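Tertiary structure, described
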Amino acid sequence: MEDYIKAKELMDMDATELIGSVSEREIENAMRSLSVVFPESYKAFLRDFGGGDVGGELIFGITGEDNAITATQMERTQGLSADLVIIGFWNDTLICLNTGRMDNGECPVVEVDEEDRVTEVIADSFGQFLYEYLEAE
């Protein structure tokens, strides 16, 4: 969560278009519909910002037009692992939470190539992923 707190401090509201916070009930319903548990840092992001355009890249929330639930359910029909939750689609690559590797309330963020489904860990947690992305901006 420390990385998420640092990322939250870096959020430049001029470079973001966020949908707004979501409730605990909405988060619980989303986790139930996907049969997963979200990491603590992603739940904090949802409560604080909801999702949206952050520095030019879309990070899916659980409400609105582009959301993690719809994207994940659609890709699961094409073979996406039930442990993965899509939080973005950047440069022809799916960005996913690997909820099957939860450790102390956090899980890695992975890239999944749409053609061959190869995954690569790009951050140890959603908080780290968000912080490193914002730091690079």
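Located above this text is the structure these notes cover.
These numbers come from a predicted model, not from an experiment.

Our focus in this paragraph is the overall build of the protein. A tally of regular secondary structure across the protein gives five helices and seven strands. In the protein, the succession of α and β elements from N to C terminus is α-β-α-α-β-β-α-β-β-β-β-α. Expected size for 137 residues packed as a compact globule is a radius of gyration near 14 Å; at 14 Å, the protein falls within 12% of this value. Oriented by its inertia axes, the alpha-carbon framework of the protein measures out at about 35 × 30 × 30 Å.

Before going further, it helps to spend a moment on the packing of aromatic side chains. This model, assessed by the stated rule, comprises eight aromatic pairs. On the basis of an interplanar angle of 85° and a centroid distance of 5.2 Å, the ring pair of F38 and Y42 is categorised as edge-to-face. A relative accessible area of 1% places F38 in the buried class. Judged by its relative accessible area of 0%, Y42 is buried. Here Y42 and F45 contribute two aromatic rings whose centre-to-centre distance is 6.4 Å and whose plane-to-plane angle is 25°, an arrangement assigned as stacked. Taken as a pair, Y42 and F45 lie in helix α3 (residues 40-48) at a separation of three residues, close to a single helical turn. Exposure class is identical for Y42 and F45. Each is buried. An aromatic cluster of three or more residues is present, and its members are F38, Y42, F45, F49, W90, F126, F129 and Y133.

So, on to the sheet that holds strand β5 (residues 93-98). In space, the four strands of this open sheet follow the order β4-β5-β6-β7, with antiparallel pairing throughout. Lying at the two open borders of the sheet, with one neighbouring strand each, are β4 (84-90) and β7 (119-123). On average, adjacent strands in this sheet sit at an angle of 35° to one another, irrespective of strand direction. Bridge analysis of β5 against strand β6 (residues 109-113) gives five bridges, and the strand direction is antiparallel. Across the sheet, L94 pairs through a bridge with V112, a residue of β6. Most of the contacts of helix α4 (residues 68-76) go to β4, to which it runs at about 105°, and overall it touches β4 and β5.

Turning our eyes to something else, we now look at the environment of M11. With respect to the helices and strands, the residue M11 is situated in the loop between α1 (2-10) and β1 (16-18). Here the alpha-carbon distance between M11 and E137, two residues 126 residues apart in the chain, equals 10 Å.

Before going further, it helps to examine the pattern of salt bridges. One pass over the full model with this rule turns up four salt bridges. With a shortest N-O distance of 3.0 Å, K43 and E40 are connected by a salt bridge. Pair noted here: K43 and E40 are both in helix α3, with a separation of three residues, about one helical turn. Judged by its relative accessible area of 11%, K43 falls in the buried class.

Turning our eyes to something else, we now look at the nonpolar core. Ranked by internal contacts, the top residues of the largest apolar core, which has 43 residues, are F38, Y42, I62, F126 and L130. Elements with a minimum of two residues in this core: α1, α2 (24-34), α3, α4, β4, β5, β6 and α5 (126-136). In terms of residue count, α5 provides more of this core than any other element does, six residues in total. Apart from residues lying up to four places away in sequence, I62 is in contact with V22, E26, I27, A30, F38, Y42, L46, G50, N67 and I69.

The rules behind these values
Residues numbered from 1 in each chain as written. Predicted model: local features only at pLDDT ≥ 70, side-chain atom pairs only at ≥ 80, totals over all residues. Heavy atoms only, no water. Helix = DSSP H or I, 4+ residues; strand = E, 2+ residues; numbered from the N terminus. Rg over C-alpha atoms; globule rule 2.2 N^0.38 Å. Phe/Tyr/Trp six-rings, centres within 6.5 Å; stacked < 30°, edge-to-face > 60°. Buried < 20%, exposed > 50% of the residue type's maximum accessible area, 1.4 Å probe, protein only. Pairing = 2+ DSSP bridges. Axes fitted to C-alpha atoms, helices over the stretch in contact; angles between N-to-C directions. Contact = heavy atoms within 4.5 Å. Salt bridge = Lys/Arg side-chain N within 4 Å of Asp/Glu carboxyl O. Core = buried A, V, L, I, M, F, W, Y, C linked by side-chain atoms within 4.5 Å.

It is worth stressing that arrangement in space is one thing and function is another; only the former is reported here.
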